[in-house]
Amino acid sequence: MAKPKTPWHALLPGGMKPAAYSLDELRAAKQAHGFLTEKISGPEGIAYFIRSFRYLLFFGIACVAEDKYPPLTRCWRDLEKLFMHDPAFDDDLFVQSWILFDFPFGSARQTALDYFEEFLKQTDVGPQLQPFIKEARRSRLGLHQDVMHTKKVAKLRELFTGNVTSAVQSVEEYGKGEILLIRTLAYGDEVFMFGDPKGFPKEAKSQIEEMVEDKLVYFDDDGSTAAQYEVFMKLAGPYWMSCVTKNDAMPILAPDHYLTYLKRR
């Protein structure tokens, strides 16, 4: 995605001139513009996704700061306290992407991504970000077992669905047959792992499958285990965070923990 040519001060609220703001406010706005437009190293696809995600992240944080959507604020604040400072999630993508891509808090189960899409209709960068929005909306966490991998490609088979994916290799080292908890995003003919995967040894496969099967009762049964699994992986982000945290004192959250953020407090 080409960098937008919009000057940094165009991001200021209300289209007001820089003279209307304090020095600290201007410095923060300029830093935000640099964060959104800096050059991202790596393949074109992952650079596009990271840059696009930063726009969404900027939007999401602004919504939380303004408490525009109280359930989103409750979700962000709680998961920030529980996980965002945990070394297990230092990629700054795993927790934040679940909140912004997957958490359905609107009256019609809209996510932050849906509201972001509406917001972009008022801007000139909307068309550039639309492919990201479409792919992010489709995405979810998944349990993918290593079939084979080289320095460039990782071939993965997903548990329960059996889907096989060939992804651009972005993990420095993992064992043969290891099971990776990861979100994937497709860009053209390439598939990328979005964030750092969480690994489980191949010997734990049966235990993981049994654990997931036991949790599917939290979601509607349409007669298809694979379909239930897909809903489970879309909505149970906090559950998985509590499973892979480095905080041994953290209890395992319920698969439908997200419902607690929808309740008025």
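## Section: the environment of Arg138
Piece 1. Secondary-structure assignment places Arg138 in helix α6 (residues 126–138).
Piece 2. Residues Arg138 and Lys234, spaced 96 residues apart in sequence, show a C-alpha to C-alpha distance of 9.6 Å.
Piece 3. The contacts of Arg138, once residues within four sequence positions are left out, are Thr184, Leu185 and Ala186.
Piece 4. Here the side chain of Arg138 touches Thr184 through a polar contact of 3.3 Å, landing on its backbone oxygen.

## Quick notes on the side chain of Asp86
Piece 1. Along the chain, the position of Asp86 falls in the loop between α3 (70–84) and α4 (94–102).
Piece 2. Lacking a salt bridge, the buried Asp86 has Lys246 as its closest oppositely charged neighbour, with an N-O distance of 6.4 Å.
Piece 3. In terms of polar contacts, Asp86 uses its side chain to reach the backbone amide nitrogen of Lys246, at 3.2 Å.
Piece 4. Apart from residues no more than four positions distant in its own chain, Asp86 is found in contact with Thr245, Lys246 and Asn247.

## Thoughts on unusual backbone geometry
Piece 1. Here the phi dihedral of Asp92 falls at roughly 60°; this positive angle occurs in a residue that is not glycine.
Piece 2. Take Asp92: it is sitting in the loop between α3 and α4.
Piece 3. Owing to a relative accessible area of 42%, Asp92 belongs among the partly exposed residues under this scheme.
Piece 4. The phi dihedral of Arg109 falls on the positive side, at around 65°, and the residue is not glycine.
Piece 5. Using a relative accessible area of 46% as the deciding quantity, one classes Arg109 as partly exposed.

## Some thoughts on the packing of aromatic side chains
Piece 1. Throughout the structure, instances matching the rule amount to 23 aromatic pairs.
Piece 2. Ring geometry for Phe53 and Phe194: centres 5.5 Å apart, planes at 75°, overall edge-to-face. Of this pair, Phe53 sits in helix α2 (residues 44–66) while Phe194 sits in the loop between β5 (190–193) and β6 (198–200), placing them 141 residues apart in sequence.
Piece 3. Relative accessible area serves as the criterion here: at 3%, Phe53 is assigned to the buried category.
Piece 4. Within the aromatic cluster, the residues linked to one another by ring pairs are Tyr48, Phe49, Phe53, Phe101, Phe132, Tyr187 and Phe194.

## Points about the packing of α3 against α4
Piece 1. At a closest axis distance of 10 Å, the pairing of α3 and α4 adopts a crossing angle of 165°. On the basis of the axis angle, α3 is roughly antiparallel to α4. For the pair α3 and α4, the crossing hand works out as right-handed. Here Leu72, Cys75, Trp76, Leu79, Phe83 and Met84 of α3 lie close against α4, whose contacting residues are Val95, Gln96, Trp98, Ile99 and Leu100.

## Some points on the pairing of strand β2 (residues 153–158)
Piece 1. Only one face of β2 is buried, namely the one carrying Ala154, Leu156 and Glu158, since none of Val153, Lys155 and Arg157 on the opposite face is buried.
Piece 2. By the bridge criterion, five bridges tie strand β1 (residues 141–149) to β2 in an arrangement that is antiparallel. Paired with His144 across the bridge in β2 is Glu158.
Piece 3. Taking the residues that link successive antiparallel strands as the turn, the β1-β2 hairpin has three residues.
Piece 4. Taken together, the five bridges between β2 and strand β3 (residues 164–168) define a ladder with antiparallel strand orientation. Note on β3: the bridge partner recorded for Ala154 is Ala167.
Piece 5. The hairpin formed by β2 and β3 contains five residues between the paired strands, and Phe160 there has a positive phi angle of roughly 75°.

The rules we used
Residues numbered from 1 in each chain as written. Predicted model: local features only at pLDDT ≥ 70, side-chain atom pairs only at ≥ 80, totals over all residues. Heavy atoms only, no water. Helix = DSSP H or I, 4+ residues; strand = E, 2+ residues; numbered from the N terminus. Contact = heavy atoms within 4.5 Å. Polar contact = N/O pair within 3.5 Å; in protein donor to acceptor, adjacent residues only side chain to side chain. Buried < 20%, exposed > 50% of the residue type's maximum accessible area, 1.4 Å probe, protein only. Lys, Arg positive; Asp, Glu negative; His and termini not counted. Salt bridge = Lys/Arg side-chain N within 4 Å of Asp/Glu carboxyl O. Phe/Tyr/Trp six-rings, centres within 6.5 Å; stacked < 30°, edge-to-face > 60°. Axes fitted to C-alpha atoms, helices over the stretch in contact; angles between N-to-C directions. Parallel < 35°, antiparallel > 145°, perpendicular 65-115°, else oblique. Left-handed = near helix turned anticlockwise from the far one by under 90°. Pairing = 2+ DSSP bridges.

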